[in-house]
Amino acid sequence: MENILKEFEQDQKELIHILHRIQEDFGYISPQAISAIAKHLKISENEIYSVLTFYKAFSLEPRGKHIVTVCMGTACHVRGAPRLMDDASRELGIDVGQTTPDKHFTLETVNCLGCCAIGPVVVVDGKYHSYVKRMESIIKEYSEGR
Amino acid sequence: MERINHPEELTAWKSEILAERIPSKKTIVVSSGTCGQASGSLQMIDAVNQELEKKGLRDRVEVKVTGCHGFCQLEPNLIVYPEEIFYKNLKPQDVPQIVEKSILGNEIVSSLVFKDLKTAQKVIKQDEIPFYKKQERLLTENNLKINPTEIEDYIALDGYHALANALFNMTSEAIIAEIETAGLRGRGGAGFPTGRKWEICRKVESDVKYVICNADEGDPGAYMDRSLLEGNPHSIIEGMIIGAYAIGAQEGYIYVRMEYPLAVQHVNLALEQARKFGFLGESILGSEFAFDIHLIEGAGAFVSGEETSLMASIEGRRAFPRQRPPFPAQEGLWGKPTNINNVETWANVPLILRKGADWYAKIGTRRSKGTKIFSLVGKINNTGLVEVPMGITLREIVYDIGGGIQDNKKLKAIQTGGPSGGCIPAEKLDLPIDYDTLAKAGSIMGSGGMIIMDEETCMVDIARYFLNFTQEESCGKCVPCRIGTKQLVDILNKITEGDGEEDDLKKLENLSKTVKEGSLCGLGQTAPNPVLTTLRYFRKEYESHIKSKTCAALVCKGLIAYTIDPDKCVGCLLCLKNCPVDAIVGERKKVHIIDQDLCIKCGACLDVCPPKIGAVSKVTGRKMARILKNASGKRVEK
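Everything numeric here is computed off the predicted structure, so don't read it as measured data. The residue numbers shown here count from 1 along each chain, following its written sequence. Chains and ligands are labelled sequentially in the order written, the chains with letters from A and the ligands with numbers from 1. It should be noted that, the model being predicted, local features are given only for residues of pLDDT at least 70 and side-chain atom pairs only at 80 or more, the latter also being counted only at that level, while totals for whole chains, interfaces and linings use all residues. To get the side-chain values, take all heavy atoms of the structure and skip hydrogens and water.

### Some remarks on the sheet that holds strand 11 (residues 371-378) of chain B
Residues and elements named next belong to chain B.
Phase 1 of the analysis: By definition, two strands form a pair when at least two bridges between them are found by DSSP. Elements are defined by DSSP. Helices are runs of H or I of four residues or more, strands are runs of E of two residues or more, and each kind is numbered from the N terminus. The strand order 12-11-15-13-14 describes an open sheet built from 5 strands, whose pairing is mixed. Among the strands making up the open sheet, the edge pair consists of strand 12 (384-389) and strand 14 (422-425). Strand-to-strand twist across the sheet, computed as the mean angle between neighbouring axes with direction ignored, equals 30°.
Phase 2 of the analysis: Of the strand pairs in this sheet, strand 13 (residues 411-416) and strand 15 (residues 449-454) are connected by 5 bridges, and their pairing is antiparallel. What sits directly across from Ala413, in strand 15, is Met453. Axis lines are fitted to C-alpha atoms, over the contacting stretch for helices. Their N-to-C directions set the angle, which ranges from 0 to 180 degrees.

### Considering empty space enclosed by the protein
The gaps left among the atoms become clear once a water-sized probe is rolled over them.
Residue and element names in this part refer to chain B.
Phase 1 of the analysis: In this analysis a 1.4 Å probe is tested at points of a 1 Å grid over the protein atoms alone, and where it fits but cannot get out there is a cavity; an open set with protein on both sides within 12 Å along at least five of seven lines is a pocket; lining residues have an atom within 4 Å of a point. Grid points are joined across faces, edges and corners, and a volume is the space filled by probe spheres set on the points. Tallied over the full model, the rule gives 4 cavities of 30 Å³ or more.
Phase 2 of the analysis: Within this model, the largest cavity holds a volume of roughly 120 Å³.
Phase 3 of the analysis: Lining the largest cavity are Leu138, Leu139, Asn142, Tyr154, Leu157, Asn232, Ser235, Ala347, Pro350, Leu351 and Arg354.
Phase 4 of the analysis: Top element by residues in the lining of the largest cavity is helix 14 (residues 343-355). It accounts for 4 residues.
Phase 5 of the analysis: Amino acids outside the nonpolar list (Ala, Val, Leu, Ile, Met, Phe, Trp, Tyr, Cys, Pro) and the charged list (Asp, Glu, Lys, Arg) are all regarded as polar, and Gly is one of them. Of the residues in the lining of the largest cavity, the class split is 7 nonpolar, 3 polar and 1 charged.
Phase 6 of the analysis: Here the second largest cavity is characterised by a volume of approximately 90 Å³.
Phase 7 of the analysis: Forming the walls of the second largest cavity are 14 residues, and the residues nearest its centre are Cys579, Ile584, Cys599, Cys602 and Cys605.
Phase 8 of the analysis: Its residues assigned to classes, the lining of the second largest cavity shows 12 nonpolar, 1 polar and 1 charged.

### Side note on the confidence of the model for chain B
Phase 1 of the analysis: Each residue carries a pLDDT score, the predictor's own confidence in it, on a scale running from 0 to 100. When pLDDT is averaged along chain B, the result is 95, and 99% of the positions lie at 70 or above.
Phase 2 of the analysis: ipTM for the predicted complex: 0.95, alongside a pTM of 0.95.

### Side note on the layout of surface pockets
Residue and element names in this part refer to chain B.
Phase 1 of the analysis: Computed from the structure, the second largest pocket encloses a volume of approximately 1,200 Å³.
Phase 2 of the analysis: Lining the second largest pocket are 40 residues; nearest its centre among them are Gly188, Gly189, Ala190, Gly305 and Glu307.
Phase 3 of the analysis: Residue assignment for the lining of the second largest pocket shows that the elements contributing at least two residues are helix 9 (194-203), strand 10 (338-342) and helix 21 (522-526).
Phase 4 of the analysis: When residues of the lining of the second largest pocket are assigned to their parent elements, the largest contribution, 5 residues, is made by strand 10.
Phase 5 of the analysis: A breakdown of the residues in the lining of the second largest pocket according to their chemical character gives 11 nonpolar, 20 polar and 9 charged.

### A closer look at the nonpolar core
Phase 1 of the analysis: Here, nonpolar core refers to any group of buried Ala, Val, Leu, Ile, Met, Phe, Trp, Tyr and Cys residues whose side-chain atoms link them within 4.5 Å. Under the scheme applied here, a residue whose accessible area is under 20% of the maximum for its type counts as buried, over 50% as exposed, and between as partly exposed, the area being computed with a 1.4 Å probe on protein chains only. In terms of nonpolar packing, the biggest core is built from 140 residues, with B:Tyr160, B:Ile237, B:Ile241 and B:Phe279 touching the most fellow members.
Phase 2 of the analysis: In terms of residues, this core owes the most to one element, helix 11 (residues 233-247) of chain B, which gives 9 residues.
Phase 3 of the analysis: Contacts were defined at the residue level, with two residues in contact if any of their heavy atoms lie within 4.5 Å. When near neighbours in sequence (up to four residues on either side) are disregarded, B:Phe279 contacts B:Ile4, B:Leu10, B:Trp13, B:Ile151, B:Ile155, B:Tyr160, B:Leu163, B:Ile241, B:Ala274, B:Ile284 and B:Leu285.
Phase 4 of the analysis: A:Ala38, A:Phe54, B:Cys478 and B:Cys481 belong to the second largest nonpolar core, which has 33 residues in total.

### A closer look at the environment of B:Leu554
Residue and element names in this part refer to chain B.
Phase 1 of the analysis: Tracing the backbone through its elements, the reader meets Leu554 in the loop between helix 23 (539-546) and strand 16 (560-564).
Phase 2 of the analysis: With a relative accessible area of 24%, Leu554 lands in the partly exposed category.
Phase 3 of the analysis: Residues Leu554 and Val619 lie 65 residues apart in sequence; the distance between their C-alpha atoms is 7.1 Å.
Phase 4 of the analysis: Dropping the residues within four chain positions of it, Leu554 is found in contact with Ile560, Lys618, Val619 and Thr620.

### Considerations on the packing of helix 3 (residues 31-41) of chain A against helix 4 (residues 45-54) of chain A
All names here are of chain A.
Phase 1 of the analysis: Between helix 3 and helix 4, the shortest axis-to-axis distance is 9 Å and the interhelical angle comes to 120°. Classed by the angle they form, the pair helix 3 and helix 4 counts as oblique. Note that helix 3 runs across helix 4; the crossing there is right-handed. Side by side, helix 3 and helix 4 meet where Ile34, Ser35, Ile37 and Ala38 of the first sit next to Glu45, Ile48, Tyr49 and Leu52 of the second.
Phase 2 of the analysis: Residue composition of the contact of helix 3 with helix 4, by class: 6 nonpolar, 1 polar and 1 charged. The cut-offs work like this: below 35 degrees is roughly parallel, past 145 is roughly antiparallel, 65 to 115 is roughly perpendicular, and the gaps in between are oblique. Rotating anticlockwise by less than a right angle from the far helix to the near helix defines a left-handed crossing, while the corresponding clockwise rotation defines a right-handed one.

### A closer look at helix 4 of chain A
Phase 1 of the analysis: Of the positions making up helix 4 of chain A, those classed as buried are A:Ile48, A:Ser50, A:Val51, A:Leu52 and A:Phe54.
Phase 2 of the analysis: In this structure, the buried residues of helix 4 of chain A make contact with helix 2 (15-26) and helix 3 of chain A.

### Observations concerning the sheet that holds strand 9 (residues 292-297) of chain B
Residue and element names in this part refer to chain B.
Phase 1 of the analysis: Across the sheet, which stays open at both edges, the 4 strands sit in the order 9-8-7-10 with parallel pairing between neighbours. Sheet topology places strand 9 and strand 10 at the edges, where each strand pairs with a single neighbour. Between one strand and the next, the sheet's axes are offset by a mean angle of 20°, whatever the strand orientation.
Phase 2 of the analysis: Relative to strand 9, strand 8 (residues 251-256) runs parallel, the two sharing 6 bridges. Note on strand 9: the bridge partner recorded for Tyr253 is His294.
Phase 3 of the analysis: With respect to the sheet, helix 14 is in contact with strand 7 (210-215) and strand 10, its orientation differing from that of strand 10 by roughly 95°.

### What about the interface of chain B and chain A?
Phase 1 of the analysis: If you look at the interface, chain B gives 58 residues, while chain A gives 38 residues.
Phase 2 of the analysis: The term buried area refers to how much accessible surface (probe radius 1.4 Å) is lost by two components on association, counted for both of them together. Carbon and sulfur atoms supply 58% of the area that chain B and chain A bury against each other, a total of about 3,600 Å² over both sides.
Phase 3 of the analysis: Considering only the surface of chain B that becomes buried against chain A, B:Ala299, B:Arg318 and B:Tyr465 emerge as the three largest contributors, covering 14% of it.
Phase 4 of the analysis: The term salt bridge refers to a pairing of a side-chain nitrogen on Lys or Arg with a carboxyl oxygen on Asp or Glu at a separation within 4 Å. Counting every contact that joins chain B to chain A gives 4 salt bridges.
Phase 5 of the analysis: Salt-bridge contacts for A:Arg134 lead to B:Asp607; the nearest nitrogen and oxygen are separated by 3.6 Å.
Phase 6 of the analysis: For this analysis, a polar contact is any N or O atom pair within 3.5 Å, provided that within protein one partner can donate a hydrogen and the other can accept it, and provided that sequence-adjacent residues contribute only side-chain to side-chain pairs. There are 20 residue pairs in polar contact (both at pLDDT 80 or more) connecting chain B and chain A.

### As for helix 2 of chain A
Phase 1 of the analysis: Look at helix 2 of chain A: 16 Å from first C-alpha to last across 12 residues, which is about the 16 Å you get at 1.5 Å a residue.
Phase 2 of the analysis: The complete set of buried residues in helix 2 of chain A reads A:Leu15, A:Ile16, A:Ile18, A:Leu19, A:His20, A:Ile22 and A:Gln23.
Phase 3 of the analysis: Among the structural elements, helix 1 (2-6), helix 3 and helix 4 of chain A together with strand 9 and helix 13 (307-314) of chain B are those in contact with the buried residues of helix 2 of chain A.
Phase 4 of the analysis: Positioned one or two residues after helix 2 of chain A, A:Gly27 has a phi angle of 85°, which is positive. Helices are assigned an expected span. That span is 1.5 Å times one less than the residue count.

### As for the pattern of salt bridges
Side-chain pairs of opposite charge can arise where the charged atoms are in close proximity.
Residues and elements named next belong to chain B.
Phase 1 of the analysis: Under the defined criterion, the tally for this structure stands at 48 salt bridges over all chains.
Phase 2 of the analysis: Note that Asp407 and Lys409 form a salt bridge whose closest N and O atoms lie 4.0 Å from each other.
Phase 3 of the analysis: Relative accessible area serves as the criterion here: at 26%, Lys409 is assigned to the partly exposed category.
Phase 4 of the analysis: The shortest N-O distance in the salt bridge between Asp490 and Lys486 comes to 3.1 Å. A residue pair is termed a helical-turn pair when its members lie 3 or 4 positions apart in one helix, as Asp490 and Lys486 do in helix 19 (residues 479-496) at 4 residues.
Phase 5 of the analysis: Its relative accessible area of 37% is what places Lys486 among the partly exposed residues.
Phase 6 of the analysis: A cluster of three or more residues bridged by salt bridges with shared partners is formed by Lys494, Glu501, Asp503, Asp504 and Lys507.

Here it is in structure tokens:
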């Protein structure tokens, strides 16, 4: 953690960059991370907490091995995204924003990925699936080792 | 090539690049924006390279990987130059055939070219496809000529020449006058005249000033900025440097939303190149002007697209908007004068300086100049990005460019402007599009999302969708937006669930007015637009949801039921097996029945029932009431 923080200036403008970096490296922002950032930037833990809970990019808990993101943009919506969301939620037994108890899947939504022409779109671990009709096959594809 | 220290060196560099190019050389262009990559363009690039290697053609054929060409639905595609043969919807296994016929020979693989469904004719060249014909691709055209990771491609197309001219031959005032004469208006949504905005910021005295590129393209259904950022990042950077010089800014920021990883990557690379060759940093092109740009990655908050929120986010704080005035031009980033423009606006700047304000002002309508890029999506045959002159009619976009509605269905409405915009009914198809006519129709130009809706789209559901969106994205700072949008969603939910009451529409209208007038920033002030426009044009649809509990589009779950026609069902077990909640009972070759108490209305049964059987259907209103009445009291025995 200290090594990561050393790369950033001691200025609040670095806060979101730091949070991005920690989220990427550790998968979530731990209480220890929050206090380390607070010391580095000389701002309160409270301030950091307010910023990190404001933005969707950051999570306070570890996320699953596979991140399933259903695009909820308008174009995907009119092409059936809400049903995909329901399907995914039912298949995985979790709500949006939650992680399965075995930490295998986290289910998320995104407002628009800007690939509206090939919607509805579902992204798993950065891989785009276009013209998605059913969630079952996608979830199955990533269920190995579960 | 070393750092460029004088405009003459830039011209020389361009000549050098052009001299190295052989126009007759066979070139394969593969479009590989996010849409392309999602459709498999990376595999195509591999396949092309492998095939060229295998045939020993590496030196004779150039492979150029570009950004998005706009007709996303035909991805992955490639173009063979110099013949300009456009191949679409390819698979890696199509590559050997293309190389054999079109690279080694001069033939066309006719099974892989575009076929016009209307005329049944094959179209060989990309720009002869009806989708492209009516467009005026001033900004997007270069996307197919540029490898966005190589600055040389941009230089070859006169890139940074407008900057050189501005720095050495023009005063700040002259540049701003040129932008004003061109009539450029902000492409982010509101349409404020760009030249005037710059002039306000230029006049403010301050030792530190900033320029910002708003690339937080949050409107769902709009992705033209993504396409420009990914496909031609230098055009945006050049625009910003020119703007900074005119205003007197020393530092710039590009705020890109995190949902666009490829855009972030390409812009970062372009910034590095621009620094290396002396377009950014100290003494730009050997002049006395110094300026640099930083890229900031957003963190997933729609409200960051609002200018004061965006600046708060750059400062490392929550993206909360604040009261204006003071406007950013007076007090912006870190309290300093700041000029903020949208991606597409910045990309227009070098074009205007290169071709002249008078040329630019000839395009478009009296008060809206130039072109606008729209993302044509939804229930339309040709989906993709279209760049059209202002003043074109919706009809031309939907039918001539878009090729009409999918599956020959009927057009119902066109949604423009994202969550801040509204729905324009099909009757208004001949409306010429510019900032003012759209506003008059109750919608806005917005960032340029254009979502086509057919008879299977429920307008109450669309209003609910957008309000749900803005309610979730409301930052919570001001009460009208935080509580008002929540109440609006609750009422809309109630209506779509079949519990609507007569006075709900009055409540929606009153509340919408309050939210519009009382909210602090653009998000809240425009949030009720989707409700107000659908109420204005589709009031009957609301009324039938409330009074006769009917959703004619068969969308609202609370107002529909799935049913199996006993006369049509052949008892194939397909729906039964696919029902995720085991709500269907029946045996092979016996009629199946849906248990309405268990049914979650997911539609799986309708999807799997073979079209030639067509036994499963959705019903609403009286028919639904009858089915539920019959079902109640005699629960299906298992």
